[in-house]
Amino acid sequence: MKIIPGPASQGLAERTAELLGVETVPLAFKHFPDGESYVRLEGNVENEEVAIVQTTSPPQDSRLLQLALTADAAKRNGAIKVTAVVPYLAYARQDKVFLRGETVSIETVARMLEAAGVDAVLTVNVHQEATLQTFPFPARSASAIPLIAEYLKARGFAGAFALAPDKGAVYIVEQAKKVLGGECGYLEKQRDRYTGQVSVERKAYTVKGKTVVIFDDIISSGGTIVAAAKIMRELDAGEIYAACVHPLLVGEAEKHILEAGVHEVVGTDSVPSHVSRVSLAPLLSKELQRG
Ligand code: R5P
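Residues numbered from 1 in each chain as written. Predicted model: local features only at pLDDT ≥ 70, side-chain atom pairs only at ≥ 80, totals over all residues. Heavy atoms only, no water.

### Looking at the pairing of strand S8 (residues 161-164)
Part 1 of the reasoning: Alternating positions in S8 separate into two faces, Phe-161 and Leu-163 on one and Ala-162 and Ala-164 on the other, with burial throughout.
Part 2 of the reasoning: With three bridges connecting them, S8 and strand S12 (residues 212-219) associate as parallel partners. Within S12, the position partnered with Leu-163 by the bridge is Ile-214.
Part 3 of the reasoning: Tracing the backbone out of S8, into helix H5 (residues 170-180) and back to the parallel element strand S9 (residues 184-186) gives a crossover that is right-handed. (Buried < 20%, exposed > 50% of the residue type's maximum accessible area, 1.4 Å probe, protein only. Helix = DSSP H or I, 4+ residues; strand = E, 2+ residues; numbered from the N terminus. Pairing = 2+ DSSP bridges. Right-handed = clockwise from strand over helix to strand, strands pointing away.)

### Things to note about the sheet that holds strand S5 (residues 81-86)
Part 1 of the reasoning: A sheet is described by the order of its strands in space; here five strands give the open sequence S1-S4-S5-S6-S7, paired in parallel fashion. Two strands close off the open sheet at either side, each with one partner strand: strand S1 (2-5) and strand S7 (139-142). The sheet shows a mean angle of 20° between the axes of neighbouring strands, direction not considered.
Part 2 of the reasoning: Relative to strand S6 (residues 120-124), S5 runs parallel, the two sharing four bridges. When the bridges of S6 are listed, Thr-83 appears paired with Ala-120.
Part 3 of the reasoning: Its contacts with the sheet place helix H1 (residues 10-20) against S1 and strand S4 (49-53), and it is angled at close to 165° to S1. (Axes fitted to C-alpha atoms, helices over the stretch in contact; angles between N-to-C directions. Contact = heavy atoms within 4.5 Å.)

### Let's talk about the packing of H1 against helix H8 (residues 281-290)
Part 1 of the reasoning: Remark: H1 packs on H8, axes separated minimally by 8 Å, with the N-to-C direction vectors making an angle of 55°. When the interaxial angle is binned, H1 and H8 end up oblique. The chirality of how H1 crosses H8 is right-handed. Across the interface between the two elements, Leu-12, Arg-15, Thr-16, Leu-19 and Leu-20 of H1 pack against Ala-281, Pro-282, Leu-284, Ser-285, Leu-288 and Gln-289 of H8.
Part 2 of the reasoning: The residue makeup of the contact of H1 with H8, split by class, is seven nonpolar, three polar and one charged. (Parallel < 35°, antiparallel > 145°, perpendicular 65-115°, else oblique. Left-handed = near helix turned anticlockwise from the far one by under 90°. Nonpolar A, V, L, I, M, F, W, Y, C, P; charged D, E, K, R; others polar.)

### Remarks on the site of the ligand
Part 1 of the reasoning: Taken together, the neighbourhood of the ligand is formed by 14 residues, with Asp-216, Asp-217, Ser-221, Gly-222 and Thr-224 sitting nearest.
Part 2 of the reasoning: Between the ligand and Ser-221 there is a distance of 2.5 Å, counted from an oxygen atom to a side-chain nitrogen or oxygen.
Part 3 of the reasoning: Here the ligand occupies the largest pocket.
Part 4 of the reasoning: For the shell around the ligand, the class distribution of residues is two nonpolar, six polar and six charged. (Near = heavy atom within 4 Å. Polar contact = N/O pair within 3.5 Å; in protein donor to acceptor, adjacent residues only side chain to side chain. 1 Å grid on protein atoms, 1.4 Å probe; cavity = no way out; pocket = protein on both sides within 12 Å on 5 of 7 lines; lining within 4 Å. Sits in = over half its atoms within 2 Å of the grid points.)

### Re the layout of surface pockets
Part 1 of the reasoning: Counted as a void, the largest pocket has a volume near 830 Å³.
Part 2 of the reasoning: In terms of lining residues, the largest pocket is bounded by 31 residues, among which Arg-93, His-127, Lys-189, Arg-191 and Arg-193 are the most central.
Part 3 of the reasoning: Elements that contribute at least two residues to the lining of the largest pocket include exactly strand S10 (188-191), S12 and helix H6 (223-234).
Part 4 of the reasoning: Class assignment of the residues belonging to the lining of the largest pocket gives a composition of seven nonpolar, 11 polar and 13 charged. (Points joined across faces, edges and corners; volume = space filled by probe spheres on them.)

### Topic: the nonpolar core
Part 1 of the reasoning: Membership of the largest hydrophobic core comes to 38 residues, with the highest contact counts inside it found for Ile-3, Ile-148, Leu-152, Val-213 and Phe-215.
Part 2 of the reasoning: Ranked by size, the runner-up nonpolar core spans 32 residues in total, among them Val-50, Ala-68, Ala-84 and Phe-137. (Core = buried A, V, L, I, M, F, W, Y, C linked by side-chain atoms within 4.5 Å.)

### Comments concerning the packing of helix H2 (residues 60-76) against helix H3 (residues 105-116)
Part 1 of the reasoning: For the pair H2 and H3, the least separation of the axes is 8 Å and the interaxial angle reads 25°. Between H2 and H3, the crossing angle belongs to the class labelled roughly parallel. Mapping the contact onto sequence places Leu-64, Leu-67, Ala-68, Ala-71 and Asp-72 in H2 and Val-109, Met-112, Leu-113 and Ala-116 in H3.
Part 2 of the reasoning: When the residues that make up the contact of H2 with H3 are grouped by side-chain class, the tally is eight nonpolar, no polar and one charged.

Laid out in structure tokens, this is it:
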């Protein structure tokens, strides 16, 4: 196998290839003055299985297109199998028609990737695993939560209360609890489909004086974490932290989260940023080794 580092995940791809002990195939890329994407493979992929590592965090649309163009370039140059390794899979949250007239965006994305030559997808903590069953090729999602929890444990967070800000994140805190060894719980979240406004129902957990880590798959606007942190403060929790796999942190999200009383935000290099303290490379290399 050879790894093609996509424009959005160069560092992660290099680290993954290093752990696997495989070659990377350089990819030249640029945007034309009018904004169109361009890619060119600078190495040989003939008769090779290749894995393109390319996250699709903002700007999602051009990163998805770069991924599709790279898959096509690999196939045109003789690759026998193309696996798209997409740590953050954009559009996965629009996995059904919520309001009349909408589309199921993630299904369109999957069909686009298939048309470009993608044979399989490996992603990380996709919003809903069931989504992947609708893909026209094998697709699976690995969980980075044990890695994040190990990182937190090494920093002294053993025994912390792991809080899921909504029911969808319950599996996340259950995985975190296995490593951190403390308790876990969840809140009930409602989001207004028109305004995006988040409201969270208070639950009476005993978190008084305890260190709480609010875990989520994605932090985007930060609204979910802010609402959960408010409840933790009302319940007199001790120090509050936020951890996620995909730190999109749009606009002033981190500022709002810190202003809500959260000490620190921890994320992975699924979305490279200053909070990306945990690398996904060990997870991706292990998953790619499994085939
Ligand atoms: C949705 O249910 C996800 O799991 C996250 O909770 C959500 O995407 C976070 O978005 P935001 O930071 O904008 O509240």
